[in-house]
Amino acid sequence: MRFVFKTGYDQDVRFFKHAGYWQSYGFLFIAAVTAPLYLGNFEISELTQAISFAIAGLGLMLLVGFTGQVSLGHAAFFGIGAYAQAWLLATFDIAFLVAMPIAAVFTGLIGLLLAIPLLRMTGIYLAIGTLALSIVLEQILKSWKSVTGGFDGKAVEPASLLGYQFNPDSWDFYYVALAILILVLALCANLLRSPTGRAMVAVRDSEVSARSMGVNIARTKITAFGISTAITGLGGALFAHKLQYLAPDGFNLIISITFLLMIVVGGLGSLQGAILGALVVILLPQAITIMKDYLPPSIGHQPGLEPGIFGLILVAFILFEPMGIYGRWRKIKLFFDIFPVYRKATFRRQKAYLKTERMR
Amino acid sequence: MKLKMKALLAGVSGAALIASGAASAQTRGVTDKEVVVGSHTALTGPVAPWGVGATTGTRMAFDEANAKGGVHGRKIRFIVEDHGYQVPKAVQAANKLLNRDNIFAMVGALGTPMNNAVLPRQIKANVPNFVPFTASRQMIEPFHKMKFLAFASYYDQMRAATNYFVKEKGFNKVCAMYQDTDYGREISQAVNDELKALNLKLAGESAHNPREKSFVGAITKLRKAGCQVTMMGTIITDTIGPFLTAKKLGWKTTFVGNIATYDLIVSGFKKGLMNGYYAMTSFEMIYPDTTNPEHKAWADAYQKYAGKPHNGAAQLGYGSGILFLEALKRAGRNLTTDGFIKAMESIKSFEMTLGGPPLTFGPNDHQGSTDAYLAVVENARWKTLTRPLSY
């Protein structure tokens, strides 16, 4: 077992608490950077797509996992980011790396505006409100033809920088995505150790206690919603380049639910969970598809096999590990850290004082 | 020392020669024993019956060829990916097919928006788009050597239909009712272009959302315009809906659709309610009780292979499999993508689908046929009325 000897206050807010973190995340970083050396174009392309979902997941994680506000409408913001990116590139002569933050900020502004009425609601009502958002946006995408291309969709101009054209299925664009992901991760981690982030967590755990500590609940929630939607919009902008062709069915309610599923499977309340969840949601269906090629034809050629198996695995996961993949990882880590004395009850939920609030 | 240097140089250049030789001999998706062919289609979702039928038909054709030892000693491995009629999933499926499975050709990819989304990267990867399962004009125009279409496009079909109803039936009040999508607008364009050529004007039109459920307003509008015949740019539910609405309102008129509505669901809807609906088609639907022995044999073989009766999509899918096999045969043992395209271009008067028109391709003509027949629903079954129509 490891004891961290604290010699200063800023040790509490460091990203990496001790050398172990440096080692494991260092290895992960090296593995991610060298991935194109040992993975083919197919795997790299899937990873790029997973990264765009992971960024959107990080946005949603800030809202659901850290502020405690559920959203069934994040596919809408994913879509706004994607279409904004496509529109910016088609309308103005700007580099895609310049257009991306503009698309993200634009999405965030829309999120802020919508948050003002939406976040007056809580719990199930908020879920319904954001659900409506998902449905409304899909209709807008279908009807606003001059900007979105309607049902037919809209081609996205290829990502290019100083005359170099990126191939969205290849290693060069993977590095762009990876860099953006690391940037967003750093931003989120930094936000969570700032007063704003602490206020968000306080609101999640108990609004009454947070208010009594002097946290402005409305402002905190709205800020969280704005930041969350901006990050999701950035993920959408990246996704637009990955896809190269946008159609309204890419941003419907199913995707909203996929996002929520992604962060729950990954592990609510951890940034790592958003990334693990995105890897599962993107890579698992492809893994099932590949496995299908090796099955006997009588089973492998059965239509509807992939969604069926995918659904079963997810149901099993939520039944047997409600804390998600990252929760399971923490349990395994703790098991070895304190080897002979691990207790199951360590991770049991202990917030008995919140009973009245859970009704809302 | 000098000698060593020379030997090294010779070695390096030798290796380079071998490498370049190997590169030219190696075609993607082709090995000594196998040709890998892919398809992205809808096995789930709203158009699953088409996707499942088409891929089962194609697979049946390939399995028959494989049972006889394949083509030029190569068996065909057919990998089908499901996109559920969603663009992002189609792109993901195409990523697997193009980058992992390294397919030689895409056969029968389904859906216009899905094809549009996948085509740029597919063409970049040098993979022919062989007879996609959509008759949109974009599948053949602008011309590209990688794009092949077997039959008349929606545009061709509806121009021919308009021409027929004006010239042979003497109608002069022609209307258009279409989905407000690329697909629907292609049909409206065809009707307008043909009317212009005949010095007529469109009498009335109505555009709707593909998920529209109520058609009373649209039908009332068309009725007020006095339409004698309405050209339909619709698919399944939005074909049945307006047709029955007109019937219910007591309006006697004619509706004409295209191959997208030439389906057993449309003809068989509530056993006869759709009687009198016209559709353009590129092939003739085979029914299980057909008297043609050749058709009967095929229908029985399909039933045995798939464990259920075929639909129109299965007929087309089987046909595109046969056409692909023919092109492979002509391309010879030394199979390359360019060789395959040349072989396709050499096919003349080839009957691909039972009850379909003969297909002829050429160096700058990658559309097999522009012929289309007119069919009508009688006793809840499709009946072909005319010789091939054109404009």
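Residues numbered from 1 in each chain as written. Chains lettered and ligands numbered in written order. Predicted model: local features only at pLDDT ≥ 70, side-chain atom pairs only at ≥ 80, totals over all residues. Heavy atoms only, no water.

Secondary structure assignment for chain A yields 17 helices and four strands. On C-alpha atoms alone, chain A measures out to a radius of gyration of 21 Å, which is about the 21 Å that the 2.2 N^0.38 rule sets for 360 residues. Dimensions of chain A, computed from C-alpha atoms along their principal axes, come out at roughly 55 × 50 × 45 Å. Considering only intrachain contacts with a sequence separation of at least 6, the fraction spanning at least 24 residues in chain A is 74%. Of the accessible surface of chain A, which amounts to about 17,900 Å², a share of 69% is contributed by carbon and sulfur atoms. Averaging the locations of the 28 positively and 18 negatively charged side chains of chain A gives two centres separated by 16 Å. (Helix = DSSP H or I, 4+ residues; strand = E, 2+ residues; numbered from the N terminus. Rg over C-alpha atoms; globule rule 2.2 N^0.38 Å. Contact = heavy atoms within 4.5 Å. Areas by Shrake-Rupley, 256 points an atom, 1.4 Å probe, with all protein chains shown as cover. Lys, Arg positive; Asp, Glu negative; His and termini not counted. Charge placed at Lys NZ, Arg CZ, Asp CG, Glu CD.)

Residue and element names in this part refer to chain B. If you trace the five strands from one edge of the open sheet to the other, you get β2-β1-β3-β4-β5, paired in parallel fashion. The outermost strands of the open sheet, each flanked by one partner alone, are β2 (75–82) and β5 (147–148). Inspection of the sheet shows strand β1 (residues 34–41) paired to β2 by eight bridges, in the parallel sense. Across the sheet, the residue bridging to V35 is I76, located in β2. (Pairing = 2+ DSSP bridges.)

Taken residue by residue, the interface counts 33 residues in chain A and 32 residues in chain B. Roughly 2,700 Å² is buried in total at the junction of chain A and chain B, and carbon and sulfur atoms are behind 50% of that figure. Sorting the residues of chain A by area buried against chain B places F151, D152 and Y245 of chain A first, and these three jointly supply 21% of that buried surface. Scanning the region where chain A abuts chain B turns up three salt bridges. One salt bridge in this structure joins K145 of chain A and D180 of chain B, with 2.8 Å as the shortest N-O distance. Counting residues per element, the ones that place at least two in the side of chain A that touches chain B are α3 (41–66), α6 (123–143), α11 (217–243), α13 (271–294) and α15 (305–320) of chain A. (Buried area = accessible area lost by both parts, 1.4 Å probe. Salt bridge = Lys/Arg side-chain N within 4 Å of Asp/Glu carboxyl O.)

This part covers the state of the cysteines. Disulfides are covalent bonds that connect the sulfur atoms of two cysteines. Residues and elements named next belong to chain B. Considering all chains together, one arrives at one disulfide over all chains under this definition. Paired by a disulfide, C175 and C227 hold their sulfur atoms 1.9 Å apart. With the S-S bond torsion at -85°, the cross-link from C175 to C227 turns out left-handed. Taken together, the residues span a long stretch of sequence, with C175 in strand β6 (residues 174–179) and C227 in the loop between α7 (216–224) and β8 (229–233) at a distance of 52 residues. As far as the burial class goes, C175 and C227 line up, both buried. (Disulfide = S-S within 2.5 Å. Buried < 20%, exposed > 50% of the residue type's maximum accessible area, 1.4 Å probe, protein only.)

Overall, the coordinates contain 24 salt bridges over all chains when judged by the stated rule. The residue K96 of chain B makes a salt bridge to D293 of chain A at a minimum N-O spacing of 2.9 Å. Here K96 of chain B is found in helix α3 (residues 87–100), whereas its partner D293 of chain A is found in helix α13 on a different chain. Measuring nitrogen to oxygen at the nearest pair gives 2.8 Å for the salt bridge that ties R330 of chain B to E326 of chain B. Of the two residues, R330 of chain B and E326 of chain B are both situated in helix α11 (residues 312–331); the distance of four residues between them amounts to about one turn of the helix. Owing to a relative accessible area of 38%, R330 of chain B belongs among the partly exposed residues under this scheme. Here the salt bridges do not stand alone but share partners, grouping D293 of chain A together with E81, K96, R100 and D101 of chain B into one network.

Turning to the pairing of β2 of chain B, a few remarks are in order. Burial analysis of β2 of chain B places six of its eight residues in the buried class, the great majority of the element. Regarding the hand of the β-α-β motif, the stretch spanning β1 of chain B, helix α2 (residues 48–67) of chain B and β2 of chain B is right-handed. (Right-handed = clockwise from strand over helix to strand, strands pointing away.)

All names here are of chain B. On average, residues of chain B carry a pLDDT of 86, and 94% of them reach 70 or more. Taken together, the stretch residues 5–24 has pLDDT below 50 and engages in zero contacts with residues farther than four places along the chain or on a different chain. The ipTM for the predicted assembly is 0.78, set against a pTM of 0.82. (pLDDT = per-residue confidence, 0-100.)

All names here are of chain B. Each domain of chain B was delimited in the assignment, giving domain 1 (28–151 + 292–360) and domain 2 (154–281 + 374–384). Each of domain 1 and domain 2 has a C-alpha centre, and these two points are 29 Å apart. Counting residues at the interface gives eight residues for domain 1 and 11 residues for domain 2. Both sides of the domain 1 and domain 2 interface together cover about 840 Å² of buried area, and 57% of this is carbon and sulfur. (Domains from an automatic or database assignment.)

Residue-level pLDDT values for chain A average 87, and 96% of them are 70 or greater. For chain A, per-element mean pLDDT is lowest for helix α17 (residues 355–358) of chain A, which scores 50, and highest for α11 of chain A, which scores 94.

Moving on to the sheet that holds strand β7 (residues 204–208) of chain B. Picture the strands of a sheet paired through backbone hydrogen bonds; they go either parallel or antiparallel. Residue and element names in this part refer to chain B. Judged by pairing direction, the sheet is mixed, and its seven strands sit side by side in the order β7-β6-β8-β9-β10-β13-β14 without closing on themselves. A single partner strand is all that each edge strand has here, and the edge strands are β7 and β14 (381–384). On average, adjacent strands in this sheet sit at an angle of 25° to one another, irrespective of strand direction. Across the face of the sheet, helix α6 (residues 182–197) comes into contact with β6, β7 and β8 while running at roughly 165° to β6. (Axes fitted to C-alpha atoms, helices over the stretch in contact; angles between N-to-C directions.)

It is worth spelling out the pairing of strand β13 (residues 373–378) of chain B at this point. Regular strands show a simple pattern: their side chains alternate between the two faces of the sheet. Residue and element names in this part refer to chain B. With respect to burial, β13 is a largely interior element, five of its six residues being buried. Across four bridges, strand β10 (residues 278–281) lies against β13 in antiparallel orientation. In the strand pairing of β13, Y278 is matched with V376. Here β13 pairs with β14 via four bridges, running antiparallel. Along β14, the bridge assignment pairs E378 with R381. Two successive antiparallel strands, β13 and β14, enclose a turn made up of two residues, where N379 displays a positive phi of approximately 50°.

Let us now look at the side chain of H366 of chain B. Residues and elements named next belong to chain B. Tracing the backbone shows H366 in the loop between β12 (358–359) and β13. Look at H366 and you get buried, because its relative accessible area is 1%. Here E345 takes part through its side chain, which lies 2.8 Å from a polar atom of the side chain of H366. The contacts of H366, once residues within four sequence positions are left out, are I140, F143, H144, K145, K147, F148, L149, I341, E345 and F361. (Polar contact = N/O pair within 3.5 Å; in protein donor to acceptor, adjacent residues only side chain to side chain.)

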